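Overview (structure and organization)
Residues per chain are reported as follows:
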Amino acid sequence: MSGPIDLHAHTNVSDGTESPEQLVADALDAGLAVVAITDHDSTAGWSRAFAAAEGTGLTVLPGMELSTRLDGASVHLLGYLVDPDDPALLELTEGLRASRVDRAKRMVERIAADYPVDWEEVLAVAGEGATVGRPHIADALVARGHVPDRSTAFREILHFRGRYYVSHEAPSPLEGVRRIVDAGGVPVLAHPGGRAARGVLDGRRIRELVDAGLAGIEIDHRDNLVRTLPRLRMAAKRHGLLVTGSSDYHGAGKPNRLGEHTTDPEVYAAIVERGTGSRPFRG
Ligand code: AMP
Ligand code: FE
Ligand code: FE
Ligand code: ZN
């Protein structure tokens, strides 16, 4: 296997715009050797991505991006190679997805007072069974002509500091790491230096996650603020964490392009070695 390795991508099973089949096609177009499918709080796209990769030479690394919260900030955890049938992880993600629906409904109620939009329109753009998030509310607002695109919707209406924002229930990052490890998975902190994480992950917090089994940290990612990078690199070195790079591709939902950041083959091999809940699919 040789070629670029991109370990973070979404499909329309969560808030990406492309199907799992199309993600595989896009990964092949981008010349990737490995793509990870990491939908928010869901593993529902795995088998479709595997089937699409069959015979193409592309390897699909199964994963998910777990939503957690710390001090009111959003902290995302990538969990590679988890057992998709692990009861505790399933209970957690099912609860998360249900809470996301309640929360999105409440946000839509608030928004509709100023920008007419119906809950059914949000449900329709999200599609059956998808993990519902603010990007789907954004799509409904775009369809109504209130904003030109998702980015504008996030800036002007959906921002976490804005008046319409409601948070969903979420576990702590510590509980998230434990659930992923218990499910045989490999936990990696996703874009910890991004604005959404609001700097809540200080040295003590990272050490606590490492003690619980945190395996890696996503450093090469466009959301990580440049000023956070030296500290993140130091933490990775101190704790012997795997350092990953990835695009966080969302199809047309974000400007992020597959392969814009990549992960070293040695780091990928270490992740595969460590995960026991499922296996990569070599197509
Ligand atoms: P939620 O988890 O529902 O609070 O929504 C957060 C999700 O929205 C993240 O996973 C991002 O993928 C997406 N997101 C955040 N900011 C933007 C943006 N400016 N444009 C498009 N998508 C965004
Ligand atoms: Fe997303
Ligand atoms: Fe994320
Ligand atoms: Zn992501």
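Structure's up top.
The model shown is predicted, which means the values in this text are computed figures rather than measured ones.

1. Quick word on the coordination of the iron ion (ligand 2)
At this site the iron ion (ligand 2) is bound by Asp15 (OD), Asp15 (OD), His40 (NE2) and His250 (NE2), with donor distances of 2.1 to 2.7 Å. For the iron ion (ligand 2), the six donor atoms in the first shell make angles of 51 to 148 degrees at the metal, a pattern classed as irregular. Here the iron ion (ligand 2) and the iron ion (ligand 3) are spaced 5.5 Å apart. With histidine 40 in strand 2 (residues 34–40) and histidine 250 in the loop between strand 7 (242–245) and helix 10 (265–274), this residue pair connects regions lying 210 residues apart in the sequence. Exposure remark for histidine 250: the relative accessible area of 3% places this residue in the buried category.

2. Here we look at the pairing of strand 6 (residues 216–220)
Of all five residues that make up strand 6, four are buried, and the element is covered over most of its length. Relative to strand 6, strand 5 (residues 186–190) runs parallel, the two being bridged by two bridges. Bridge pairing in strand 6 places valine 188 opposite glycine 216. A crossover connection joins strand 5 to the parallel strand 6 through helix 8 (residues 203–211); in handedness this β-α-β unit is right-handed. Pairing geometry for strand 6 and strand 7, over four bridges, is parallel. When the bridges of strand 7 are listed, isoleucine 217 appears paired with valine 243. The parallel pair strand 6 and strand 7, bridged by helix 9 (residues 229–239), forms a crossover whose chirality is right-handed.

3. Topic: the nonpolar core
Counting residues in hydrophobic clusters, the biggest one holds 44 residues, and the most contacted among them are Val35, Val60, Leu189, Leu201, Leu214 and Leu258. Excluding its chain neighbours within four sequence positions, the residues that come into contact with valine 60 are Val24, Val35, Ile37, Ala49, Phe50, Ala53, Pro280 and Phe281.

4. Some details on the coordination of the zinc ion (ligand 4)
Only His8 (NE2), His10 (NE2), Glu65 (OE) and Asp248 (OD) from the protein coordinate the zinc ion (ligand 4), and they sit 2.1 to 2.2 Å from it. Around the zinc ion (ligand 4) sit four donor atoms; with metal-centred angles ranging over 78 to 169 degrees, the donor geometry is irregular. Between the zinc ion (ligand 4) and the iron ion (ligand 2), the interatomic distance is 4.6 Å. Here glutamate 65 lies in strand 3 (residues 59–70) and histidine 10 lies in the loop between strand 1 (5–6) and helix 1 (20–29), a separation of 55 residues in the sequence. For histidine 10, a relative accessible area of 1% translates into the label buried.

5. Observations concerning the packing of helix 8 against helix 9
Where helix 8 contacts helix 9, the two axes come as close as 11 Å, and the packing angle between them is 35 degrees. For helix 8 against helix 9, the interelement crossing comes out right-handed. Counting all contacts with helix 8, which are made through Gly203, Ile206, Arg207 and Val210, the residues of helix 9 involved are Arg231, Ala235, Arg238 and His239. Here the contact of helix 8 with helix 9 is built from residues that sort into three nonpolar, two polar and three charged.

6. Observations concerning the layout of surface pockets
Here the largest pocket is characterised by a volume of approximately 1,200 Å³. Every residue lining the largest pocket is counted, 40 residues in all, and those nearest its centre are Arg134, Phe154, Ala196, Asp223 and Lys254. Listing elements by their share of the lining of the largest pocket, those giving two or more residues are strand 3, strand 4 (73–80), helix 3 (87–112), helix 5 (134–143) and helix 6 (150–156). Broken down by class, the residue content of the lining of the largest pocket amounts to eight nonpolar, 18 polar and 14 charged. For the second largest pocket, the calculated volume is near 160 Å³. Considering the residues around the second largest pocket, the lining is formed by 13 residues, among which Gly194, Arg195, Arg198, Gly199 and Leu225 are closest to the centre. Each residue belonging to the lining of the second largest pocket can be placed in one class, and the counts come to three nonpolar, five polar and five charged.

7. Describing the site of ligand 1
Among the 14 residues in the neighbourhood of ligand 1, the closest are listed as His40, Arg100, Arg103, Arg134 and His250. Measuring from an oxygen atom of ligand 1, one finds a side-chain N or O atom of histidine 40 at 2.9 Å. Between ligand 1 and arginine 100 there is a distance of 2.8 Å, counted from an oxygen atom to a side-chain nitrogen or oxygen. Considering ligand 1 on its own, with 500 Å² of exposed area, one finds that the protein chains cover 82% of that surface.

8. Some details on the environment of glutamate 208
By the secondary structure assignment, glutamate 208 is in helix 8. Spatially, the C-alpha atoms of glutamate 208 and proline 173 are 9.8 Å apart, while their sequence positions differ by 35 residues.

9. Focus: the packing of aromatic side chains
Counting across every chain of the model gives two aromatic pairs. Look at tyrosine 115 and tyrosine 164: their rings are 6.2 Å apart centre to centre, the planes differ by 75 degrees, and that puts the pair in the edge-to-face class. Separated by 49 residues along the polypeptide, tyrosine 115 in the loop between helix 3 and helix 4 (119–126) and tyrosine 164 in the loop between helix 6 and helix 7 (173–182) bring together distant segments of the chain.

So, how was this worked out
- Residue indices follow the written sequence of each chain, beginning from 1 at its first position.
- Here chains are named by letter from A upward and ligands by number from 1 upward, in the order in which they appear as written.
- At least 70 in pLDDT is required for a residue's local features to be given in this predicted model, at least 80 for side-chain atom pairs to be given and counted, and no such filter applies to totals for whole chains, interfaces and linings, which use all residues.
- Calculation of side-chain values draws on the structure's entire complement of heavy atoms; hydrogens and water are dropped beforehand.
- Because no water is among the atoms considered, metal sites can look incomplete, with donors defined as N, O and S atoms within 2.8 Å of the metal, or 3.2 Å for Na, K and Ca.
- Any coordination sphere not matching a tetrahedral pattern (four donors, all angles between 85 and 135 degrees) or a square planar or octahedral pattern (four or six donors, opposite donors over 155 degrees apart, other angles between 65 and 115) is reported as irregular.
- Strands here are runs of E lasting at least two residues and helices are runs of H or I lasting at least four, both read from the DSSP assignment and numbered beginning at the N terminus.
- Here the term buried applies to any residue with accessible area under 20% of the maximum for its type, exposed to any over 50%, and partly exposed to those in between, with areas from a 1.4 Å probe on protein chains only.
- Strand pairing is assigned whenever DSSP detects at least two bridges linking the two strands.
- Every crossover in which the path from the first strand over the helix to the second runs clockwise, viewed with the strands pointing away from the viewer, is termed right-handed.
- In this description, a nonpolar core means a group of buried Ala, Val, Leu, Ile, Met, Phe, Trp, Tyr and Cys residues linked to one another through side-chain atoms lying within 4.5 Å.
- Throughout, a contact is declared for two residues whenever any of their heavy atoms are within 4.5 Å.
- Interaxial angle, 0 to 180 degrees, is taken between N-to-C directions of lines fitted to C-alpha atoms, where a helix line uses only the stretch in contact.
- With the far helix as reference, a near helix turned anticlockwise by less than a right angle produces a left-handed crossing, and one turned clockwise produces a right-handed crossing.
- Here the term charged refers only to Asp, Glu, Lys and Arg, the term nonpolar to Ala, Val, Leu, Ile, Met, Phe, Trp, Tyr, Cys and Pro, and the term polar to all other amino acids, Gly among them.
- Detection works on a 1 Å grid of protein atoms alone, calling trapped sets that fit a 1.4 Å probe cavities and calling open sets with protein on both sides within 12 Å along at least five of seven lines pockets, with lining residues defined by an atom within 4 Å of a point.
- Grid points are joined across faces, edges and corners, and a volume is the space filled by probe spheres set on the points.
- Being near a molecule or strand, for a residue, comes down to having at least one heavy atom within 4 Å of it.
- Whenever a nitrogen or oxygen atom comes within 3.5 Å of another N or O atom, the pair is scored as a polar contact, on the condition that within protein one atom can donate a hydrogen and the other can accept it, and that pairs from neighbouring residues in sequence are kept only if both atoms are in side chains.
- In this description, accessible areas are obtained by the Shrake-Rupley approach with a 1.4 Å probe, and a residue is regarded as covered only by the protein chains that are shown.
- Working definition: a ring pair exists when centres of Phe, Tyr or Trp rings (six-membered ring for Trp) sit within 6.5 Å. Plane angles under 30 degrees give stacked, over 60 give edge-to-face, the rest tilted.

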